[in-house]
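If you want the building blocks of each chain, they are given just below.
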Amino acid sequence: MKQPSLSVAATLAVIVMFMLIVAGLNKSFLIGGGALFAAALIFAIIGDRDGYRFARVTGFLHPFKDASGDSFQVVQSLMALGSGGIFGVGIGKSIQKTMYLPEPHNDFIMAIIGEEVGFVGLLVVIILYVILIWRGVIIAINAPDLFGTLLATGIVSMVSIQVVFNIGVVTSSLPATGVAMPYISYGGNALIIFMTCSGILLNISKKRTIERNYTVEKYIV
């Protein structure tokens, strides 16, 4: 919040909320904490009427009203998606990434993917994310202990929230934020962190498999 980076603060808050729900926190505490978070979020937006937060929140509702101002990035993203159509213009043939759409390699990489491979290619990418998140949820449910469950929940929440936020921003369904697309957006540090998280998820899954096999063998013997 002080940096300022409202999107990162909101992402962290939602991750913690999911972990607390899975941990079994009392509903009254969850409702109270959620209300405080919502109030703080509203205050941070409304209290910044002359800043970028308020402009972004109001801009995504009617992006074409200020196409050359605060909504420039979102409008260019929508143009990229529209240009891609069903099958795209071809890999490497994007026009919007050539000095039209800011941050095409980072926050708005999905717009370029949609332009180059079209709706079909974008749908394939989204399906892959759904499969990844679904498998992560299965791992969290079948974790051998509570720590593994909470750890897997946090990792899956982090990935899923960033995917939802990024797609929402690219399609102007959510206010523009600085949330990158996991595993795809440019950035070495982020890629290392997400790959490490994937390794942790696989480790949690492996321990469950080993315990299950040991139990079956013991039962047979």
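Values in this document were obtained by computation on a predicted structure and should not be read as measured data.

## Describing helix H1 (residues 6–23)
Thinking step 1. In a regular helix each residue adds 1.5 Å, so 18 residues correspond to 26 Å; H1 covers 26 Å between its end C-alpha atoms and thus fits that length.
Thinking step 2. Every buried residue of H1 is accounted for by Leu6, Ser7, Ala10, Thr11, Val14 and Ile15.
Thinking step 3. Looking at the residues trailing H1, positive phi occurs at Gly24, about 90°.

## Side note on the packing of aromatic side chains
Thinking step 1. Counted by the stated rule, this structure contains one aromatic pair.
Thinking step 2. With a centroid separation of 5.4 Å and 45° between ring planes, the pair formed by Tyr183 and Phe194 is classed as tilted. Of the two residues, Tyr183 is situated in the loop between helix H6 (146–170) and helix H7 (188–220) and Phe194 in helix H7; the sequence distance between them amounts to 11 residues.
Thinking step 3. Among the residues examined, Tyr183 registers a relative accessible area of 27% and is labelled partly exposed.
Thinking step 4. A relative accessible area of 6% places Phe194 in the buried class.
Thinking step 5. Its guanidinium or amino end placed over the ring of Trp134, Arg135 lies 5.3 Å from that ring's centre, counting from NZ or CZ.

## What about a nonpolar patch on the surface?
Thinking step 1. On the surface, Ile86, Phe87, Phe119, Val120, Leu123, Val124, Ile127, Leu128, Ile131 and Trp134 cluster together into a nonpolar patch covering about 1000 Å² of accessible area.
Thinking step 2. Mapped onto the secondary structure, Ile127 falls in helix H5 (residues 109–141).

## A short note on unusual backbone geometry
Thinking step 1. The phi torsion at Ser172 lies on the positive side, around 60°, for a residue other than glycine.
Thinking step 2. Positive phi, close to 70°, is recorded for Tyr183, a residue that is not glycine.

## So, the nonpolar core
Thinking step 1. If you look at the biggest cluster of nonpolar residues, it comprises 32 residues, and the most contacted ones within it are Met110, Ile113, Ala152, Met181 and Leu201.
Thinking step 2. With 10 residues, H5 is the largest single contributor of residues to this core.
Thinking step 3. If we skip the residues at most four places from it in the chain, Met110 touches Leu81, Leu122, Val125, Ile126, Asn166, Ile167, Val170 and Met181.

## With respect to the environment of Met17
Thinking step 1. Structurally, Met17 is set in helix H1.
Thinking step 2. Each C-alpha atom, one on Met17 and one on Gly154, is 9.5 Å from the other, the two residues being 137 residues apart in sequence.

Cut-off values and rules
- Residues numbered from 1 in each chain as written.
- Predicted model: local features only at pLDDT ≥ 70, side-chain atom pairs only at ≥ 80, totals over all residues.
- Heavy atoms only, no water.
- Helix = DSSP H or I, 4+ residues; strand = E, 2+ residues; numbered from the N terminus.
- Expected span 1.5 Å × (residues − 1).
- Buried < 20%, exposed > 50% of the residue type's maximum accessible area, 1.4 Å probe, protein only.
- Phe/Tyr/Trp six-rings, centres within 6.5 Å; stacked < 30°, edge-to-face > 60°.
- Lys NZ or Arg CZ within 6 Å of the ring centre and 35° of its normal.
- Patch = residues over 30% accessible without salt bridge, like charges linked within 9 Å, V, L, I, M, F, W, Y side chains within 5 Å.
- Areas by Shrake-Rupley, 256 points an atom, 1.4 Å probe, with all protein chains shown as cover.
- Salt bridge = Lys/Arg side-chain N within 4 Å of Asp/Glu carboxyl O.
- Core = buried A, V, L, I, M, F, W, Y, C linked by side-chain atoms within 4.5 Å.
- Contact = heavy atoms within 4.5 Å.

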